[in-house]
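Analysis of the macromolecular model
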Amino acid sequence: WNIRDSIGNASGIIPNLQKWLAEEKDDHMEGRPLRPSKKKAAISSIRLKFLFCKIIGAIACKAHPVILFLDDLQWADEMTLDIIRMMMIDPDIHHFLFLGSYRENEVNGSHP
């Protein structure tokens, strides 16, 4: 598997995103308004989704297919659902099977 070649220099986003998310959570929990770095966060979110798809694409191959099963998707956040959508339409991901389950009685028509 050639993950490093697949993600290139994008691997540096993970520690930075983790730090940003921790700071935003601290601010939110302490009642402070969120930082005006929404644009930066949106860009990081897109890059993280892209990076995740690239990692799956690098790992999954004919000799080693990947199956990802996620349970309780009724509690999935929008970013998780976006990553799932991206994996399903990414033309560079092959030999990958996604299975998801949710509790139908815990979602309504407004659920993503």
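In this text the structure is predicted, and so the values were computed from the model without any measurement.

Thresholds, definitions, all that
- Residues numbered from 1 in each chain as written.
- Predicted model: local features only at pLDDT ≥ 70, side-chain atom pairs only at ≥ 80, totals over all residues.
- Heavy atoms only, no water.
- Helix = DSSP H or I, 4+ residues; strand = E, 2+ residues; numbered from the N terminus.
- Expected span 1.5 Å × (residues − 1).
- Buried < 20%, exposed > 50% of the residue type's maximum accessible area, 1.4 Å probe, protein only.
- Core = buried A, V, L, I, M, F, W, Y, C linked by side-chain atoms within 4.5 Å.
- Contact = heavy atoms within 4.5 Å.
- Polar contact = N/O pair within 3.5 Å; in protein donor to acceptor, adjacent residues only side chain to side chain.
- Salt bridge = Lys/Arg side-chain N within 4 Å of Asp/Glu carboxyl O.
- Pairing = 2+ DSSP bridges.
- Right-handed = clockwise from strand over helix to strand, strands pointing away.

For helix α3 (residues 38–59), spanning 22 residues, the distance from its first C-alpha to its last is 31 Å, which sits close to the expected 32 Å at 1.5 Å a residue. Inspection of α3 places A41, S44, S45, K49, L51, C53, K54, I56 and A58 among the buried residues, and these make up the whole buried set.

A few words now on the nonpolar core. The biggest cluster of nonpolar side chains holds 13 residues, and the ones touching the most others in it are I56, L73, I84, M87, I93, F96 and F98. Only α3, α4 (78–89) and β2 (96–100) provide two or more residues apiece to this core. Among the elements that take part in this core, α4 stands out by supplying four residues, more than any other. Filtering out sequence-adjacent residues up to four positions away, I93 remains in contact with C53, I56, G57 and M87.

This brings us to the side chain of Q74. Summarising the element assignment, Q74 is placed in the loop between β1 (66–70) and α4. According to the relative accessible area criterion, Q74 is buried, its value standing at 5%. A distance of 3.0 Å separates a polar side-chain atom of Q74 from the backbone nitrogen of R103.

Applying the stated criterion to the full structure yields five salt bridges. A salt bridge links K54 to D92; the shortest N-O distance between them is 3.2 Å. In this pair, K54 sits in helix α3 while D92 sits in the loop between α4 and β2, placing the two residues 38 residues apart along the sequence. With a shortest N-O distance of 3.5 Å, D72 and R103 are connected by a salt bridge. Residue D72 is found in the loop between β1 and α4, and its partner R103 is found in the segment after β2; the two are separated by 31 residues along the sequence. Overall, the relative accessible area of 39% leaves R103 in the partly exposed class. Through salt bridges with shared partners, one network takes in K49, E78, D82 and R85.

Right, let's talk about the pairing of β2 for a bit. Consecutive residues of a regular strand have side chains that alternate between opposite faces of the sheet. Pairing analysis gives five bridges linking β1 to β2, with the strands arranged parallel. Directly across from L70, in β2, lies its bridge partner G100. Taking the sense of rotation as the criterion, the β-α-β connection linking β1, α4 and β2 turns out right-handed.

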